[in-house]
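Descriptive analysis of the structure
For reference, the chains in residue letters:
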Amino acid sequence: MLDFLWHLRGSGRLDNIDSDAAVLDRVEGLLSKQRKPVSERGAEHLTFNDPLWRDPMGPNWLALVFYDRGRFWIARDPHGRELRYDLRSLHGMIFCLFAGVTAFLFGVFGGGLSQGLKYAGVAFAWLYGVNILLALFRVPSAIHKSVVDA
């Protein structure tokens, strides 16, 4: 129900790409550049599973860095084919919640309950909110450039 908070979903038309295998090859190339290891590949889908703690000091400028699990698949409808994706940032959200709790405790000890709630809200909004806002623009763009426009 509330999984939209830690999932990014989207799609892109595949009108100019010859085969499903070519699409998945491009997705696999994108994941390789983003340092996300492919965990499963089928005829029409591809998944990765990359916990945030696997490489905590890795590059943080990559578009998919905040996502710990993802699935890409090819869907068909009467108008053609689409590449769809579902990316999960649950580990990042949990990390940001712990940071919010830490900020809450500092606020409570420094100025009371309302100060703690304020610190927690700012910490969580800054850490998680900014990462998700950046991802809303960067991830679809990276997928589109690497897969659809390539």
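The rules behind these values
Residue numbers restart at each chain and count upward from 1, following the sequence in its written direction. Local features in this predicted model are restricted to residues whose pLDDT is 70 or higher, and side-chain atom pairs enter the listing and the counts only when it is 80 or higher, whereas totals over whole chains, interfaces and linings include all residues. To get the side-chain values, all heavy atoms of the structure are used, and hydrogens and water are removed first. Only runs of H or I of at least four residues qualify as helices and only runs of E of at least two qualify as strands under DSSP, and these elements are numbered from the N terminus. Summary of the burial criterion: residues with accessible area below 20% of their type's maximum are buried, those above 50% are exposed, and those between are partly exposed, where the area comes from a 1.4 Å probe applied to protein chains only. Note on contacts: a residue pair qualifies if any of its non-hydrogen atoms lie within 4.5 Å across the two residues. Here the accessible surface of atoms and residues is derived via Shrake-Rupley with a 1.4 Å probe, and residues count as covered only by protein chains that are part of the display. Paired rings are identified among Phe, Tyr and Trp, the last through its six-membered ring, by centres lying within 6.5 Å, and are further divided according to the angle between planes into stacked (under 30 degrees), edge-to-face (over 60) and tilted (the rest). Every axis in this analysis is a line fitted to C-alpha atoms, fitted for helices over the stretch in contact. Angles between the N-to-C directions lie between 0 and 180 degrees. In these notes the angle categories are as follows: under 35 degrees is roughly parallel, over 145 is roughly antiparallel, 65 to 115 is roughly perpendicular, and the rest is oblique. The crossing is said to be left-handed when, going from far helix to near helix, the turn is anticlockwise and less than a right angle, and right-handed when the turn is clockwise. Amino acids outside the nonpolar list (Ala, Val, Leu, Ile, Met, Phe, Trp, Tyr, Cys, Pro) and the charged list (Asp, Glu, Lys, Arg) are all regarded as polar, and Gly is one of them. pLDDT is defined as a per-residue confidence score from the predictor, taking values between 0 and 100. Two distance rules govern patches: like charges are joined within 9 Å, and nonpolar side chains (Val, Leu, Ile, Met, Phe, Trp, Tyr) within 5 Å, applied only to residues with over 30% relative accessible area and no salt bridge. Only one rule defines a salt bridge in this text: a Lys or Arg side-chain nitrogen within 4 Å of an Asp or Glu carboxyl oxygen. We call two strands paired when DSSP finds no fewer than two bridges between them.

Overview of the overall build of the chain
Scanning the chain for helices and strands turns up 3 helices and 5 strands. Its helices and strands taken in sequence order, the chain reads β-α-β-β-β-β-α-α from the N to the C terminus. Its C-alpha atoms give the chain principal-axis dimensions of about 60 × 30 × 25 Å. Counting every position in the chain, which comprises 150 residues, the buried fraction comes to 37%. Taking as baseline every contact in the chain between residues at least 6 positions apart, the subset at least 24 positions apart corresponds to 56%. A total of about 8,900 Å² of accessible surface is found on the chain, and carbon and sulfur atoms cover 64% of it.

Regarding the packing of aromatic side chains
Under the counting rule described, the total for this entry stands at 3 aromatic pairs. Judged by centre distance (5.6 Å) and plane angle (50 degrees), the ring pair of F66 and Y128 falls under tilted. Of this pair, F66 sits in the loop between β3 (45–49) and β4 (69–77) while Y128 is found in helix α3 (residues 113–148), placing the two residues 62 residues apart along the sequence. Exposure class is identical for F66 and Y128. Each is buried. Aromatic side chains F124 and Y128 sit 5.4 Å apart centroid to centroid with 20 degrees between the ring planes, which places their arrangement in the stacked category. Pair noted here: F124 and Y128 are both in helix α3, with a separation of 4 residues, about one helical turn.

A few points about the packing of helix α2 (residues 90–111) against α3
Running from N to C, α2 and α3 point in directions that differ by 155 degrees, and their axes come no closer than 7 Å. Looking at the two axes, α2 sits roughly antiparallel to α3. Judged by the twist between their axes, the crossing of α2 over α3 is right-handed. Contacts between α2 and α3 involve G92, M93, C96, L97, A99, G100, A103, F104, F106, G107, V108 and G111 from the first element and L113, Q115, G116, L117, Y119, A120, A123, F124, L127 and Y128 from the second. Grouping the constituent residues of the contact of α2 with α3 by class yields 16 nonpolar, 6 polar and no charged.

A few points about the confidence of the model for the chain
Summary statistics for the chain give a mean pLDDT of 90 and a share of 97% for residues scoring 70 or more. Ranking the elements of the chain by mean pLDDT puts strand β1 (residues 7–13) last with 91 and β3 first with 95.

Points about a nonpolar patch on the surface
Taken together, the side chains of L2, F4 and L5 present a nonpolar region at the surface, about 290 Å² in accessible area. Turning to its location among the elements, L2 is positioned in the segment before β1.

A look at the pairing of strand β5 (residues 80–88)
Counting buried positions along β5 gives 7 out of 9 residues, so the element sits mostly inside the fold. Both β1 and β5 contribute to a ladder of 7 bridges, which runs antiparallel. Bridging from a neighbouring strand, G10 pairs with Y85 of β5. The pairing of β4 with β5 spans 9 bridges and is classified as antiparallel. When the sheet's bridge partners are listed, G70 is paired in β5 with L87.

A short note on the sheet that holds β3
Pairing in this open sheet of 5 strands is antiparallel, and the strands run β1-β5-β4-β3-β2 from one edge to the other. Across the chains shown, the open sheet's two edge strands, defined by having one partner strand only, are β1 and β2 (38–41). Looking at each pair of strands side by side, their axes are set apart by 20 degrees on average, direction ignored.

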